[in-house]
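# Structural overview
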Amino acid sequence: MFNEELEEVCPKVAKCPIFQAGTLLNEQTGETYKAVYCQSERHKQCKRYLASKKCNCAIPVQVLPNAYISVDEIVKRINSGFYDIFNKK
Ligand code: SF4
């Protein structure tokens, strides 16, 4: 029972900025993502989760769980530096 519950929660919650800090949109949207994706079996359909499994890299905060582009396109954009312009320090 306990293990089944654990499997429902995304293994990325501890470091994922969507879970830890909400989204760039608003607090309500962040809470909805957490309920729909992060804390359910549906985390396996999250584009951030799927992209992290493919590229083994940090996923930019701009990539949302229900991103309209494919996982391959997300990884391609990350590798090309597409998101870097948004995340300059
Ligand atoms: S946003 Fe996606 S990767 Fe991040 S914790 Fe939620 S389900 Fe996991």
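As a further point, take the site of the ligand. Taken together, 14 residues are adjacent to the ligand, and Cys10, Cys16, Cys38, His43 and Cys46 come closest. In terms of residue count, the dominant contributor to the shell around the ligand is helix α3 (residues 27-38) (three residues). Residues that form the shell around the ligand fall into these classes: eleven nonpolar, one polar and two charged.

Here the focus is the packing of helix α4 (residues 47-55) against helix α5 (residues 71-80). Closest axis-to-axis distance for the α4/α5 pair is 9 Å, and the angle between their directions is 60°. Accordingly, the angle class assigned to the pair α4 and α5 is oblique. The handedness of the crossing between α4 and α5 is right-handed. Along its contact with α4, which presents Lys47, Leu50, Ala51, Lys54 and Cys55, the element α5 presents Val71, Ile74, Val75 and Ile78.

Right, let's get into the environment of Glu73. Among the structural elements, Glu73 can be located in helix α5. Residues Glu73 and Lys15 lie 58 residues apart in sequence; the distance between their C-alpha atoms is 22 Å.

Of all hydrophobic cores here, the largest spans 16 residues; its most connected members are Cys10, Tyr37, Cys38, Cys46, Ala51 and Ile74. In this view, Cys46 contacts Cys10, Tyr37 and Pro65; residues no more than four positions away in its chain are not counted.

Right, let's talk about α4 for a bit. Listed as buried for α4 are Lys47, Arg48, Tyr49, Leu50, Ala51 and Ser52. Packing partners of the buried residues in α4 comprise α2 (17-21) and α5. At the exit of α4 stands Asn56, carrying a positive phi of roughly 50°.

Buried residues of α5: Ile74, Val75 and Ile78, and no others. End-on view of α5: buried residues confined to an arc of 95°, all on one side of the axis. Exposed residues on α5 whose side chains face more than 90 degrees from its buried face are Asp72 and Ser80. The secondary structure elements touched by the buried residues of α5 are α4.

The rules behind the values
- Residues numbered from 1 in each chain as written.
- Predicted model: local features only at pLDDT ≥ 70, side-chain atom pairs only at ≥ 80, totals over all residues.
- Near = placed C-beta within 6 Å.
- Helix = DSSP H or I, 4+ residues; strand = E, 2+ residues; numbered from the N terminus.
- Nonpolar A, V, L, I, M, F, W, Y, C, P; charged D, E, K, R; others polar.
- Axes fitted to C-alpha atoms, helices over the stretch in contact; angles between N-to-C directions.
- Parallel < 35°, antiparallel > 145°, perpendicular 65-115°, else oblique.
- Left-handed = near helix turned anticlockwise from the far one by under 90°.
- Contact = placed C-beta atoms within 7 Å.
- Core = buried A, V, L, I, M, F, W, Y, C linked by C-beta atoms within 7 Å.
- Buried ≥ 20, exposed ≤ 12 C-beta atoms within 10 Å, placed from the backbone.
- Arc of directions from axis to C-beta.

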